[in-house]
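These are the residues of each chain, in order.
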Amino acid sequence: MFSYYLRLAWLSFKGSPVMSALMVLAIAVGVGVAMSTLTLQYVMSSNALADKNDQLYYVQLDIRPSDNSGPQHTRNGIPDQLAYPDAEALLQSDIPTRQVAMHQWGGTITSPNPDIRPALISMRVTTRDFFSLFDVPLLYGTVWDKSADTQGQYQVVLSKRTSQQMFGEENPVGKSVEINGQPYEVVGVAADFEPAPSVQDLTTGSFGGNADAYVPFGLHRPLSLMPWGNMSCMGGGSDNGNTEGYEGLLQSNCIWLQYWVQLDSPEQKARYQQFLANYVKDQHKQGRFERDQGAVLSTPAQWLYQNRVVGNDTQLLTWLAFAFLLVCIINTIALLLAKFLRMAPQAGVRRALGASRSAVFTQHLIESALVGVIGGLLGIGLALLGLVAIRQLVAPSMAAIVHMDPLMMCVTAGLALVASLLAGVYPAWRISTTTPAYYLKTQ
Amino acid sequence: MFEFGPILRTLWRNKTGALLIMLQTALTLAIVVNAAFIITQRQAKIDRPTGVDEANTFTLSVIPIQAGDKHYADVERDMIALNQLPDVVSASIVNSAPLSSSGSTNTMRAEDNKPGIGEVESNVFNTDQRGLDTFGLKLLAGRNFTANDMTVTSSLDGKTPTVCIVTRQLANKLFGKGVDPIGKLVTPGVQVIGVASDTIGAYPNSDVAGDVVLVPQFYTNFNLRYLIRVKPGQLDAMMKKVPDVLNNLDNQRVITSVRSLLSYKRSAYRSDQATISMLSVTMVLISLVTGLGIVGLTLLWVNQRRKQIGTRRALGATKLMVVRYFLVENGIIIGAGIVLGCALALFANHLMVQHYQMKALEVGYLAGGVVAVWLLGLLAALMPAWRAAQVSPSLATRSV
């Protein structure tokens, strides 16, 4: 029966090629536009750390002056980074399984091989837990020793790319590179860590927080390290002491560090939250903080939301694209309805010859589905084309990740089918309920 | 004279199709109006004058291979060499590239204001006496920096500059419109010595854009950037030549991020440009789908009623009257769709104002959208209506 209906559908298709082409095109264009914008939103709203979403937490402390001045990057208004004294204090806690204090840095790197030109690289100054907390595998060697997190040790973990740039294919562990003219021992090589969006550090854009090399957190004082990321200094009456120079910066309320903790159980999380609350109260008592609460833990998903990684424009475009798809569906309903009603006499004959209502309904639904399948296939093609165009439009760092994965491909096909069935159900129902006698009379 | 009554009755008997077209028209109007409104706003933002000579200016970063503080004498040596190049109009130091979306801000207020009152978050450029000229800004009042004004310091020393030049826009915000800012003090103890023509500064996408202040300062422990303005037509050549000149002066450094201001501008507005493109494509496609949909449906209606049309013609209706019948019918459907569409457009805009910080829709766009959609509907109905007029009166006499 199915193949018979399919043949009927195909005949009817050929019977009015222009009309059928219009319907197919409407579905295809609607699905194509909707899916290319949805893919864009899907890519931007993906969570690169989703598999550890119930273990990792970003730490925010409310260091703002009481008059609410200071940067407002996040949705909750609480500063998105920590000041150095707070990072040092939090590192003392033994509650988290792992914890990472870090910031962006950059400089020149010089290979011992004089044939290789010095290059500018971006670096991450971080505590050693970075690699285990974010599951970054080491291809060679190890991470620096725990003591390097507090005392300066000139050791470096290179990214795979930098290692290849400086040493070719050989294992560089034990060798030495110069960073800003200072020799560092290469202790390890890490796999390139490029989550998109770069959840671990969203301070300099949602798709750019990745590093070419990693150096120990203990190097601040020996090197007077200045961040290459954002630094904001809070006004207000929080200048404690008049320490000058680099130590003064370290003691100041300037925020420039990101802080992540790993908390494996709800009980551990509760204990850590209590610890943070006490810390903030304590700092308020000492006069460093002007507020006595405002310690927030965010999962990676919450942190992406707090930083508005999916822009207003992307969301707007997605809504618009679906409104557009709706227009296409309505268009197809109207055309199908008109077409089916024109063929009503044939349906009337079939009914009079004994075809059941459901048979007539099925026959017409199959015809709509045929429109959907062809429209959908074309729609997938159009969506892929749309993505090619979108890649030309967006920033290169984002273009690299705007792709339709198998999931989105299935969603597209499904959407096309649902759209065409939606478009076909009503016309098919209308035609199946008409009384055969009416049309027979007019023959 | 007009067949309103019969048309309405016919429509009522076959209302589903008409209702669907009406709904489609309404959605189309709502989408087109809001999309056009967003597009013009974004385009206006992109078209704002930047104030700088963006077509002929580029920047580069200078990163020494050796760590440690930089010497201003080395920078001065580079500056003299660059400014002597025949194709260079002016070269100066900056802490960040204009239009690059990366830079430095500071909270400023007029010194006679109390803290918390009249504070303006401003975009600070550390530059030198050649900065104003390299940016391509005009001095509207006061004087430019001199070499003596330069403050050379580490950011950790806490030494602050004593003078600054503010843009017209920032001067108005700090001191009030029409107030002469020359000689006035802004916190912390910096005297305004000049007013410059307006520029967007480093952050084209931020509220800070336009609130720009130049200070004659060199931080010995900060990243160093050179801003170079060249003669028209020389940009590409000089972007290749200048790094070589600098390398010849001192090769113990990495010259990097050689980029034109135009390329920074393109990056800064890339997402706006992308939004404009995607909205424009959507507008064209939706007009096509709706237009073709109306053509298709009206054609079907015409075909369904060939016999009636023939009868009407046989009874004396002119071709024009047949065309008019279909156009009026179409007008009624589209008109109803437009009424619904206006409400829908305003509702969608209301949602966008609430959730996406958009502006309230201007009535002009609604009016323009209404005209455009009406024209679209009319045009789409013309061809089928003309086909209907070609139906021969003899059709009525043929046996059924």
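Residues numbered from 1 in each chain as written. Chains lettered and ligands numbered in written order. Predicted model: local features only at pLDDT ≥ 70, side-chain atom pairs only at ≥ 80, totals over all residues. Heavy atoms only, no water.

(A) Spotlight on the side chain of Lys52 of chain A. Residue and element names in this part refer to chain A. Summarising the element assignment, Lys52 is placed in the loop between α2 (17-44) and β1 (56-61). Classification of Lys52 by relative accessible area gives buried; the value is 9%. Those residues within four positions of Lys52 in sequence are excluded, and the remaining contacts are Arg98, Ser132, Leu133, Asp135 and Gln262. (Helix = DSSP H or I, 4+ residues; strand = E, 2+ residues; numbered from the N terminus. Buried < 20%, exposed > 50% of the residue type's maximum accessible area, 1.4 Å probe, protein only. Contact = heavy atoms within 4.5 Å.)

(B) Molecular detail of the packing of aromatic side chains. Residues and elements named next belong to chain A. Under the defined criterion, the tally for this structure stands at 22 aromatic pairs over all chains. A centroid spacing of 5.6 Å and a plane angle of 35 degrees characterise the contact between Phe134 and Phe193, whose relative ring orientation is tilted. Here the residue Phe134 occupies a position in the loop between α4 (129-133) and β5 (138-141), and Phe193 occupies one in the loop between β8 (182-190) and β9 (213-216), the gap between them amounting to 59 residues. Residue Phe134 shares its accessibility class with Phe193, and that shared class is buried. Between Tyr426 and Trp429, the ring centres sit 6.2 Å apart and the planes meet at 35 degrees, which makes this aromatic pair tilted. Here the residue Tyr426 and the residue Trp429 both occupy positions in helix α14 (residues 406-433), the gap between them amounting to 3 residues, near one helical turn. What makes Trp429 partly exposed here is its relative accessible area of 47%. Feature note: the residues Tyr58, Phe130, Phe131, Phe134, Trp144, Phe193, Tyr214, Trp260 and Trp303 constitute an aromatic cluster, connected by ring pairs. Taking the ring centre of Tyr305 as reference, the NZ or CZ of Arg75 above it sits at 4.1 Å. (Phe/Tyr/Trp six-rings, centres within 6.5 Å; stacked < 30°, edge-to-face > 60°. Lys NZ or Arg CZ within 6 Å of the ring centre and 35° of its normal.)

(C) How the structure looks around the state of the cysteines. Residue and element names in this part refer to chain A. This structure, assessed with the given rule, holds 1 disulfide over all chains. Each disulfide pairs two cysteine sulfurs, and for Cys233 the partner residue is Cys254, the sulfurs being separated by 2.0 Å. Because the sign of the S-S torsion sets the handedness, a value of about 105 degrees for the bond joining Cys233 and Cys254 places this disulfide among the right-handed ones. Remark: Cys254 occurs in strand β11 (residues 254-262) and Cys233 occurs in strand β10 (residues 232-233); sequence separation between them is 21 residues. Taking the relative accessible area as the measure of exposure, Cys254 reaches 8% and is therefore buried. (Disulfide = S-S within 2.5 Å.)

(D) Fine view of the side chain of Thr57 of chain B. Residue and element names in this part refer to chain B. Structurally, Thr57 can be placed in strand β1 (residues 57-64). Given a relative accessible area of 1%, Thr57 falls into the buried group. Looking at Thr57, its side chain comes within polar contact range of the main-chain oxygen of Asp53, at 2.6 Å. (Polar contact = N/O pair within 3.5 Å; in protein donor to acceptor, adjacent residues only side chain to side chain.)

(E) Structural context of the pattern of salt bridges. Applying the stated rule across the entire model yields 26 salt bridges over all chains. The shortest N-O distance in the salt bridge between Arg64 of chain A and Asp62 of chain A comes to 2.9 Å. Like Arg64 of chain A, the residue Asp62 of chain A is buried in the burial classification. The partner of Asp78 of chain B in a salt bridge is Arg77 of chain B, and the shortest N-O contact between them spans 3.1 Å. Asp78 of chain B sits in the buried class, given a relative accessible area of 0%. Accessibility expressed as a relative area gives 29% for Arg77 of chain B, which makes it partly exposed. One network of salt bridges, with partners in common, ties together Asp313 of chain A together with Arg42, Lys45 and Asp272 of chain B. (Salt bridge = Lys/Arg side-chain N within 4 Å of Asp/Glu carboxyl O.)

(F) Spotlight on the nonpolar core. Judged by nonpolar contacts, the single largest core of 133 residues is most densely connected at Phe135, Leu214 and Phe326 of chain B. Sorting elements by how many residues they give to this core places helix α10 (residues 312-342) of chain A first, with 18 residues. Sequence-distant contacts of Phe135 of chain B, that is, excluding residues within four places in its chain, are made with Gly51, Val52, Asp53, Val94, Pro98, Phe125, Leu214 and Leu227 of chain B. Val59, Val215, Leu257 and Leu263 of chain A belong to the second largest nonpolar core, which has 49 residues in total. (Core = buried A, V, L, I, M, F, W, Y, C linked by side-chain atoms within 4.5 Å.)

(G) Broad picture of the sheet that holds strand β12 (residues 253-260) of chain B. All names here are of chain B. Read across the sheet, 4 strands follow the order β2-β11-β1-β12 without closing on themselves; strand pairing throughout is antiparallel. A strand with exactly one partner marks an edge of an open sheet, and here the two such strands are β2 (88-94) and β12. Across the sheet, the mean angle separating the axes of adjacent strands is 20 degrees when strand polarity is ignored. Taken together, the 6 bridges between β1 and β12 define a ladder with antiparallel strand orientation. Residue pairing across strands places Ile63 opposite Val254, the latter belonging to β12. Taken strand by strand, helix α6 (residues 235-249) contacts β1, β2, β11 (224-230) and β12, and its axis lies near 165 degrees from that of β12. Here helix α7 (residues 261-268) sits on the sheet in contact with β1, β11 and β12, set at roughly 65 degrees to β12. (Pairing = 2+ DSSP bridges. Axes fitted to C-alpha atoms, helices over the stretch in contact; angles between N-to-C directions.)

(H) Local environment of the domain arrangement of chain A. All names here are of chain A. Here chain A is partitioned into domain 1 (1-47 + 312-438) and domain 2 (55-298). Computed from C-alpha coordinates alone, the two centres of domain 1 and domain 2 are separated by 51 Å. Facing 7 residues of domain 1, the contacting portion of domain 2 comprises 4 residues. Roughly 450 Å² is buried in total at the junction of domain 1 and domain 2, and carbon and sulfur atoms are behind 68% of that figure. At the boundary of domain 1 and domain 2, one finds 1 residue pair in polar contact (both at pLDDT 80 or more). Residue classes in the side of domain 1 that touches domain 2 are distributed as 4 nonpolar, 3 polar and no charged. (Domains from an automatic or database assignment. Buried area = accessible area lost by both parts, 1.4 Å probe. Nonpolar A, V, L, I, M, F, W, Y, C, P; charged D, E, K, R; others polar.)

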